[in-house]
Structure formats: C-alpha cells, structure tokens
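Understanding the architecture of this molecule
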Amino acid sequence: MSESIDLFEAMSTLRAVRRLRPDPIPDDVLERVLQAACWAPTGGNTQPWKVIVITDPDTKAGLQAVYQPEWESYSAASKKRYAAKTGEVPATTLRIFDAGDYLAEHLHEAPAILMFCANPEMMAITDAGLDRVSLIGGASVYPAVQNAMLACVAEGLGCTLTTLHCFREPEVKALLGVPDSWATAAMIPIGYPVGGGHGPITRKGPGIMAASETFDQPWVNG
Ligand SMILES: Cc1cc2nc3c(=O)[nH]c(=O)nc-3n(C[C@H](O)[C@H](O)[C@H](O)COP(=O)(O)O)c2cc1C
C-alpha cells in the first residue's frame, strides 16, 4: 500500500486491470477506497449516489452470469467491426479482448465488486430538456467512481470500470435490492492484480484533446 502515491502518478497509471487475485482486501484498505469516493463533488453537494460492496459468493456469481454473455456479444461485435474496417484486429486490441474474456470468466472471483448506483430524482439534471442524450446526471456519480479507482491505484488494487451489466439492469437491480428510482452507473471488480497491475497508459494528450478559446482553435502550449 502506498497512500502517499503522487496524484499525477496515480492518474497517469490508472488503467483497466482485468486479472485479479481472489485474496481478500483488508477492511481498512476498502474503507479508504470508499472514503475517497465520498470526497467526490456532486451537484448541490447532494451526494445522490450509493456504492454497494459485494463480497457474497452467490451474489458475485449472479453478476458474473449477467456480465459474461454481454461481454461476449460486445467483443464479438467489436471484433467484427475491426475486421470489416481494417481486415484484421490489431494485436494490441486482441490483448485487450483476451483480458476482457478473462475478466468475464473470472468476475465472481474478484474479492469485491463495487456497484455504484445513482438516484436521478436527487439530481438537478440541467441538460434533461435538451434534444440529446443527457450527460449531467452522470456528472454527480462518476467523480466518485474515479476517486475510488484512484484510491485503488494508491492501495495497489487493480480495478476496471465496467458498464455492460446495464444491458440487463432490471436483473441486476433485483439481485442487489436496488430501489426502482435508482440506476446503476458502474460495476467495478477490485482486487490485488495477478500481474503488474496499473502502469503506463496510452492516451491522446492536450495537443489533440484541448482547444484554445473556441472549439476548433488548436491548443498551443504557452
Ligand atoms: C464508461 C466506461 C465503460 C467501460 N466499460 C467496460 C466494460 O464493460 N468492460 C470492460 O472490460 N472495460 C470497460 N471499460 C474500460 C475501458 O475499456 C478501458 O478503460 C479502455 O479500453 C482503456 O484501457 P486502459 O484503461 O487499460 O488504458 C469501460 C470504461 C469506461 C470509461
């Protein structure tokens, strides 16, 4: 555990760690991960979210039974799209799919699964009236999700933000006793990594992702 890990190091090494050992997570470590989530900002400071910590073997098996077929459909469709576009799936992408297959098969072996839920009725969703998919509701739960994952990095725990269970959300809600007015936002299996865990990531930088003053003006450093 390295609670004093540099924040920038944590942010720049937080990657999807899909191969987890079943070893239990000490209570104090889990508590710090949950505390980090609670520090996240939310609209109006209402904290309209809740995280369910799932360690029960039967419940984890239920989640795995929901997740695996959804992962298989998703990965089959993605591989088909790659093949149609480029003729073949790049080796790096194949490695990601292999790790995804592993997670789907072994999800229930993770020592804990965090299910982040959110209640839209407790949120001021300022873009709800616009003629597009609403994003603002998520903005009061995903900072908590990210804080929890950064805390996982600090604690040496692997984690992956997953969302495929949402294709079968009613089943998941019934399994976990989630009330009607609540939604599920992210399912995060956590545990100590089988291999090296978090590490270098591949991301576009500010030269591509940032703009200066207006949307189409390139960002120029300094
Ligand atoms: C909104 C969101 C949903 C995701 N859903 C899944 C998922 O269902 N299953 C999975 O294995 N990974 C999922 N991921 C992880 C991404 O695939 C992963 O972060 C991305 O491919 C980059 O990989 P890296 O973080 O290892 O660099 C999700 C990530 C985000 C942000």
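Shown above is the structure to which this text applies.
Residues numbered from 1 in each chain as written. Predicted model: local features only at pLDDT ≥ 70, side-chain atom pairs only at ≥ 80, totals over all residues. Heavy atoms only, no water.

This paragraph deals with the environment of Val33. Counting through the fold element by element, Val33 comes out in helix α2 (residues 27–38). Residues Val33 and Glu9 lie 24 residues apart in sequence; the distance between their C-alpha atoms is 17 Å. Leaving out residues up to four positions away in the same chain, Val33 has contacts with Leu114, Ala148, Ala151, Cys152, Glu155 and Leu157. (Helix = DSSP H or I, 4+ residues; strand = E, 2+ residues; numbered from the N terminus. Contact = heavy atoms within 4.5 Å.)

Core analysis: the largest hydrophobic core is formed by 33 residues, its most contacted members being Ile25, Leu114, Phe116, Leu157, Ile188 and Ile190. At the level of secondary structure, the elements contributing two or more residues to this core comprise α2, β1 (49–54), β2 (112–118), α5 (142–155) and β4 (183–191). Sort the elements by how many residues they give to this core and α5 lands first, with eight residues. Filtering out sequence-adjacent residues up to four positions away, Ile188 remains in contact with Ala112, Ile113, Leu114, Phe116, Val145, Met149, Cys159, Thr160 and Leu161. Of all hydrophobic cores here, the second largest spans 19 residues; its members include Tyr67, Ala104, Val172 and Leu176. (Core = buried A, V, L, I, M, F, W, Y, C linked by side-chain atoms within 4.5 Å. Buried < 20%, exposed > 50% of the residue type's maximum accessible area, 1.4 Å probe, protein only.)

This part is about a nonpolar patch on the surface. The grouping of Leu7, Phe8 and Met11 at the surface amounts to a nonpolar patch, some 330 Å² of accessible area in total. Along the chain, the position of Phe8 falls in helix α1 (residues 7–13). (Patch = residues over 30% accessible without salt bridge, like charges linked within 9 Å, V, L, I, M, F, W, Y side chains within 5 Å. Areas by Shrake-Rupley, 256 points an atom, 1.4 Å probe, with all protein chains shown as cover. Salt bridge = Lys/Arg side-chain N within 4 Å of Asp/Glu carboxyl O.)

Just geometry here; none of it tells us what the structure is for.
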